[in-house]
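Residues per chain are reported as follows:
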Amino acid sequence: MPHRLGTAARSAACTALLLTLSVLLSLVLPAGTAQAAVTGATGVTAAGEDCTALPLSAFGEAAPAEGTVDVPADGTVCFTVDVEQPGLHRLIVTGAGTENTYPSVFEGETEIDCYDPQWGAGWCDLSHRGAYTLTLYNNWPDPSRPTVALTSLRSDEGCSPETGTAWDSAPLKGSAAGPTAIQCQPIAAKPGERITDDIRTTVSGSSGSWITDGTGAHICPRFNEDDSEGCVLPGEGPYRVLSQVSAAERGFPAEYTLKVRRLSDPVGCARVPLNAYDSAPTAVSPATGCKTFHDTAAGRYDA
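From a predicted model like this one, the values you see are computed outputs, not experimental measurements. (Residues numbered from 1 in each chain as written. Predicted model: local features only at pLDDT ≥ 70, side-chain atom pairs only at ≥ 80, totals over all residues. Heavy atoms only, no water.)

### Remarks on the overall build of the protein chain
For step 1, the next point in the chain: Across its full length, the protein chain carries 2 helices and 19 strands.
For step 2, the next point in the chain: For the protein chain, the residues scored as buried account for 35% of the 303 residues in total.
For step 3, the next point in the chain: By sequence separation, contacts in the protein chain at least 24 residues apart represent 79% of the contacts at least 6 residues apart. (Helix = DSSP H or I, 4+ residues; strand = E, 2+ residues; numbered from the N terminus. Buried < 20%, exposed > 50% of the residue type's maximum accessible area, 1.4 Å probe, protein only. Contact = heavy atoms within 4.5 Å.)

### What about the packing of aromatic side chains?
For step 1, the next point in the chain: Counted under the stated rule, the structure contains 2 aromatic pairs.
For step 2, the next point in the chain: When the centroid spacing of 6.0 Å and the interplanar angle of 45° are considered together, the rings of Phe293 and Tyr301 count as tilted.
For step 3, the next point in the chain: Judged by its relative accessible area of 47%, Phe293 is partly exposed.
For step 4, the next point in the chain: Of the residues examined, Tyr301 reaches a relative accessible area of 40% and is grouped as partly exposed. (Phe/Tyr/Trp six-rings, centres within 6.5 Å; stacked < 30°, edge-to-face > 60°.)

### What to know about the sheet that holds strand S15 (residues 231-232)
For step 1, the next point in the chain: Strands sit in the order S11-S17-S13-S15 across an open sheet of 4 strands; the sheet is antiparallel. Looking at strand neighbours, the two that pair on one side only are strand S11 (172-176) and S15, the edges of this open sheet. (Pairing = 2+ DSSP bridges.)

### Overview of the side chain of Asn224
For step 1, the next point in the chain: With respect to the helices, strands and loops of the structure, Asn224 is situated in the loop between strand S14 (205-212) and S15.
For step 2, the next point in the chain: Classification of Asn224 as buried rests on a relative accessible area of 19%.
For step 3, the next point in the chain: Apart from the residues lying within four places of it in its own chain, the contact partners of Asn224 are Arg194, Glu229 and Gly230.

### Points about the pairing of strand S12 (residues 183-187)
For step 1, the next point in the chain: When you tally the buried positions in S12, you get 5 out of 5 residues, the bulk of the element.
For step 2, the next point in the chain: Of the two faces of S12, the one holding Gln183, Gln185 and Ile187 and the one holding Cys184 and Pro186 are both buried throughout.
For step 3, the next point in the chain: Here S12 runs beside strand S16 (residues 239-248); their pairing, made up of 5 bridges, is antiparallel. Across the sheet, the residue bridging to Cys184 is Leu242, located in S16.

### Side note on the state of the cysteines
For step 1, the next point in the chain: Counted according to the given criterion, the structure contains 5 disulfides.
For step 2, the next point in the chain: What pairs with Cys51 in a disulfide is Cys78, and their sulfur atoms sit 2.0 Å apart. The sign of the -95° torsion about the S-S bond sets the Cys51-Cys78 disulfide as left-handed. Residue Cys51 is found in the loop between helix H2 (31-39) and strand S1 (52-53), and its partner Cys78 is found in strand S2 (residues 75-83); the two are separated by 27 residues along the sequence. The two residues Cys51 and Cys78 agree in class, both being buried.
For step 3, the next point in the chain: The partner cysteine of Cys114 in its disulfide is Cys124, sulfur to sulfur 2.1 Å. Of note, the bridge from Cys114 to Cys124 carries an S-S torsion of about 120° and is right-handed in sense. Taken as a pair, Cys114 in the loop between strand S5 (110-112) and strand S6 (115-116) and Cys124 in strand S8 (residues 123-126) lie far apart in primary sequence, 10 residues in all.
For step 4, the next point in the chain: Taken in N- to C-terminal order, the disulfide-linked cysteines of the protein chain are connected 1-2, 3-4, 5-6, 7-8, 9-10. (Disulfide = S-S within 2.5 Å.)

### Observations concerning the confidence of the model for the protein chain
A low pLDDT means the predicted coordinates there should not be read in detail.
For step 1, the next point in the chain: Mean pLDDT for the protein chain: 86, with 84% of residues reaching 70 or above.
For step 2, the next point in the chain: Scored below 50 in pLDDT, residues 1-48 makes 19 contacts in the model with residues more than four places away or belonging to other chains. (pLDDT = per-residue confidence, 0-100.)

### Here's the deal with the pattern of salt bridges
For step 1, the next point in the chain: Taken as a whole, this structure holds 3 salt bridges when the rule is applied.
For step 2, the next point in the chain: Here Arg145 makes a salt bridge to Asp70, at a shortest N to O gap of 2.9 Å. With Arg145 in strand S10 (residues 145-152) and Asp70 in the loop between S1 and S2, the pair connects residues that are 75 residues apart, well separated along the chain.
For step 3, the next point in the chain: Under the relative-accessibility criterion, Arg145 is labelled partly exposed at 43%.
For step 4, the next point in the chain: Among the residues examined, Asp70 registers a relative accessible area of 51% and is labelled exposed.
For step 5, the next point in the chain: Between Arg200 and Asp198 there is a salt bridge, with its nearest N and O atoms 3.0 Å apart.
For step 6, the next point in the chain: Judged by its relative accessible area of 55%, Arg200 is exposed.
For step 7, the next point in the chain: Residue classification places Asp198 among the partly exposed residues on the basis of a relative accessible area of 28%. (Salt bridge = Lys/Arg side-chain N within 4 Å of Asp/Glu carboxyl O.)

What follows is the structure, encoded as structure tokens:
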């Protein structure tokens, strides 16, 4: 009968074999490859381990210099981020190869869900103070060079002075420092008022804005179910308009204008008379975008 190893002997032999393979693997493979084999495709690392410190961006600031990195093909880079004010943060990644570069945020080993069902990716609720790890994974066979920025939306650092909502006030003029910059504009508004906001770049470009309170979250629906205009402000305020210019024909810094107007009980409208048929429209200077008139009888009117 052939000789057979006992259970204890077999276990010792397997342990010795695994230890030998581990030592050989560490000698043959580079440290980065060995780490990737352990952590997997997402490149999760312990917080602070070989990760670059990424400063948070204040309102109006473009991504810091540390946020522009080279990510190797099928590779990962990581950052550590120190959060002092818990709450909603905006994560933006731009630059070459970003269509194949995927960000992830971790608190320890727990991944934070940064996806909003209505508004898409990049909305991270970082609910605790302390260090977080941000990774960028490139799943393409070519290197990528993205730029990443993380902005606290609860902060008021970098906000502009408060503005009113009167129709006869000039549109606010601003300059976006870069495609990752978030602008903050506090507004003088009260709960229950119906407010509109409109941002436009001076040249051809892409931009967006949303009304919020102190949280930085979208407090207004994307579209009103009754097709009405504006947002009836919920909650208690104070209220702000946050905005982003993601692209501009002439590059950055990029100029833009922002109009915030109150539809309910409007102020600053031009008073005009009713016009007779075949008469010229009443000229108003300066144009306000809002006109009020006194109707002489009930019935249908054409504007």
